[in-house]
Amino acid sequence: RCRRMELSCAMGGSAAAPPGPGPPAAAAGAGLMESEEYESLPSGVALGTHMVAGAVAGIMEHTVMYPVDSVKTRMQSLQPDPKAQYRSVYEALKKMVLTEGFWRPLRGINVTMLGAGPAHALYFACYEKMKKSLSDIFQPGGNSHLANGIAGSVATLLHDAVMNPAEAVVKQRLQMFNSPYTSVLGCVRTVQRTEGFGAFYRSYTTQLTMNVPFQAIHFITYELMQEHLNPHRQYNPRSHIVAGAVAGAVAAAATTPLDVCKTLLNTQENTALSSLKIRGHLSGMANAFSTVYQLGGVPGFFKGVQARVIYQMPSTAIAWSVYEFFKYFLTKHALEKKP
């Protein structure tokens, strides 16, 4: 019922119309027919729609805000080089461009784009499918926040399995100050040769430890905001942007301590580890938490929180607005092609 109402509203149907004089019967019938046609579309069409919309949204999200993500990685450094100490996101970007070149904040963006498409295609398709199935179980005919949280968490397992090697390992090593790696391929080869294939998934469980609560908070907040801003679930760009931005900010701030630990495990920051006489590679969330606390105390867990929130707010706003637009556009196109 919710899905029918959502599409009927988005395409001009009358299911969500307020009480009072309604449209002519023929128009109402047309709206209902459209929603029924949507309901009867083959599942493959709906799945393909979610995957294409998700892939485009993921690429847009990660590329538009990539320079800020580079700054976030550096600001989370526990013992940064004196030349890489920044007081704000703007100062960091300005300093990076002036001292390291115009394109420095974008180093590693190609590997992120390569992983973002398939990762987000799986992510949104899994979320939509599970959200609907679980909502029917927990709250038939309604929108269950528990279902949203579980669906977002499970979708994260698929997303991170694709993105972890590209984004978490290669990208962050390329982003670090004075990185010894000059290219994606060079970084992949060096890590493979010196640390083995397991290095690409060393932080996978840690990534999940951070991303599962992040995505649960993110999806619950987004759906909660939609209930207030867009109760009839129309295609409404403004509500998607605002709800996405708020959801991203809340989730980002709440999970910053986990992100700091994840960054340390991904970058294996040599200066910081050497100062504590840690030899070899740091592994495990417990060791990362202990190391961060020894080096920075409680404030150390919130290094880069400003950059993280500034990055996530527009990122999630872009992801949701692009995703909802393409989902609406592709579904409408599929309906128009049906005889």
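Here the structure is a predicted model, which is why all the values come from computation and not from measurement.

## Overview of the overall build of the chain
So, point 1. The number of helices and strands found in the chain is 14 helices and 0 strands.
So, point 2. Pairs at least 24 apart in sequence give 77% of the contacts found in the chain among residues at least 6 apart.
So, point 3. For the chain, the exposed surface amounts to about 15,700 Å²; the carbon and sulfur share of it is 64%.

## A closer look at the pattern of salt bridges
So, point 1. Scanning the entire structure with this criterion turns up 14 salt bridges.
So, point 2. Between Asp69 and Lys171 there is a salt bridge; the shortest N-O distance is 2.5 Å. You can see Asp69 sitting in helix 4 (residues 66-75) and its partner Lys171 sitting in helix 7 (residues 145-175), a full 102 residues away along the chain. Judged on exposure class, the residue Asp69 and its partner Lys171 are both buried.

## What to know about the side chain of Gln215
So, point 1. You can see Gln215 is positioned in helix 9 (residues 204-229).
So, point 2. Those residues in contact with Gln215 that lie beyond four places of it in its chain are Tyr123, Gly152 and Thr156.

## A few points about the packing of helix 10 (residues 237-254) against helix 14 (residues 305-337)
So, point 1. The geometry of helix 10 relative to helix 14 is characterised by a closest axis approach of 7 Å and an angle of 145° between their N-to-C directions. Crossing angle aside, the handedness with which helix 10 passes helix 14 is right-handed. Judged by residue contacts, His240, Ile241, Gly244, Ala245, Gly248, Ala249, Ala251, Ala252 and Ala253 of helix 10 engage Val305, Arg308, Val309, Gln312, Met313, Thr316, Ala317, Trp320, Ser321 and Glu324 from helix 14.

## A closer look at unusual backbone geometry
So, point 1. Backbone geometry at Asn178 places phi at a positive 55°, although glycine is not the residue there.
So, point 2. With respect to the secondary-structure elements, Asn178 resides in the loop between helix 7 and helix 8 (184-195).
So, point 3. When its relative accessible area of 59% is taken as the criterion, Asn178 is described as exposed.
So, point 4. One non-glycine residue with positive phi stands out, namely Arg233, at about 55°.
So, point 5. The topology assignment puts Arg233 in the loop between helix 9 and helix 10.
So, point 6. The class of Arg233 is buried, set by a relative accessible area of 19%.

## Some details on a nonpolar patch on the surface
So, point 1. A cluster of nonpolar side chains, namely Ile137, Phe138, Leu146 and Ile150, defines an oily patch on the protein surface of about 370 Å² accessible area.
So, point 2. Contributing elements (two or more residues each) for the nonpolar patch: helix 6 (109-138) and helix 7.
So, point 3. Note that Ile150 resides in helix 7.

## Some details on the nonpolar core
One broad trend across soluble globular proteins is that nonpolar side chains are buried collectively.
So, point 1. Val71, Tyr86, Phe124, Tyr127, Trp320 and Tyr323 are the most contacted members of the largest nonpolar core, which totals 27 residues.
So, point 2. Only helix 3 (43-64), helix 4, helix 5 (89-100), helix 6, helix 7, helix 9, helix 10 and helix 14 provide two or more residues apiece to this core.
So, point 3. The greatest single-element share of this core, amounting to 6 residues, is contributed by helix 14.
So, point 4. Viewed by domain, this core spans two of them, domain 1 (45-195) and domain 2 (216-319), each represented by three or more residues.
So, point 5. When neighbours within four sequence positions are excluded, Trp320 is seen to be in contact with Phe124, Tyr127, His218, Phe219, Tyr222, His240 and Gly244.

## Considering the packing of helix 9 against helix 10
So, point 1. Axis separation between helix 9 and helix 10 bottoms out at 8 Å; the angle between their running directions is 145°. In this structure, helix 9 crosses over helix 10, and the sense of that crossing is right-handed. Contacts between helix 9 and helix 10 involve Phe214, Ile217, His218, Thr221, Tyr222, Met225, Gln226 and Leu229 from the first element and Ser239, His240, Val242, Ala243, Gly244, Val246, Ala247, Gly248, Val250, Ala251, Ala252 and Ala254 from the second.
So, point 2. A per-class count over the contact of helix 9 with helix 10 returns 13 nonpolar, 7 polar and no charged.

## Here we look at empty space enclosed by the protein
So, point 1. Applying the stated criterion across every chain, the model contains 1 cavity of 30 Å³ or more.
So, point 2. Of the volumes computed, that of the largest cavity is approximately 360 Å³.
So, point 3. If you list the elements that add at least two residues to the lining of the largest cavity, you get helix 3, helix 4, helix 6, helix 7, helix 9, helix 11 (256-267) and helix 14.
So, point 4. In terms of residues, the lining of the largest cavity owes the most to one element, helix 14, which gives 7 residues.
So, point 5. Among the residues forming the lining of the largest cavity, the class breakdown is 7 nonpolar, 10 polar and 9 charged.
So, point 6. The residues that make up the lining of the largest cavity include at least three from each of domain 1 (45-195) and domain 2 (216-319).

## Focus on the environment of Asp81
So, point 1. Mapped onto the elements of the fold, Asp81 is located in the loop between helix 4 and helix 5.
So, point 2. Asp81 sits in the partly exposed class, given a relative accessible area of 32%.
So, point 3. Note: C-alpha distance between Asp81 and Asn178 (97 residues apart in sequence) is 8.9 Å.

Reading the values: rules and limits
- Residues numbered from 1 in each chain as written.
- Predicted model: local features only at pLDDT ≥ 70, side-chain atom pairs only at ≥ 80, totals over all residues.
- Heavy atoms only, no water.
- Helix = DSSP H or I, 4+ residues; strand = E, 2+ residues; numbered from the N terminus.
- Contact = heavy atoms within 4.5 Å.
- Areas by Shrake-Rupley, 256 points an atom, 1.4 Å probe, with all protein chains shown as cover.
- Salt bridge = Lys/Arg side-chain N within 4 Å of Asp/Glu carboxyl O.
- Buried < 20%, exposed > 50% of the residue type's maximum accessible area, 1.4 Å probe, protein only.
- Axes fitted to C-alpha atoms, helices over the stretch in contact; angles between N-to-C directions.
- Left-handed = near helix turned anticlockwise from the far one by under 90°.
- Patch = residues over 30% accessible without salt bridge, like charges linked within 9 Å, V, L, I, M, F, W, Y side chains within 5 Å.
- Core = buried A, V, L, I, M, F, W, Y, C linked by side-chain atoms within 4.5 Å.
- Domains from an automatic or database assignment.
- Nonpolar A, V, L, I, M, F, W, Y, C, P; charged D, E, K, R; others polar.
- 1 Å grid on protein atoms, 1.4 Å probe; cavity = no way out; pocket = protein on both sides within 12 Å on 5 of 7 lines; lining within 4 Å.
- Points joined across faces, edges and corners; volume = space filled by probe spheres on them.

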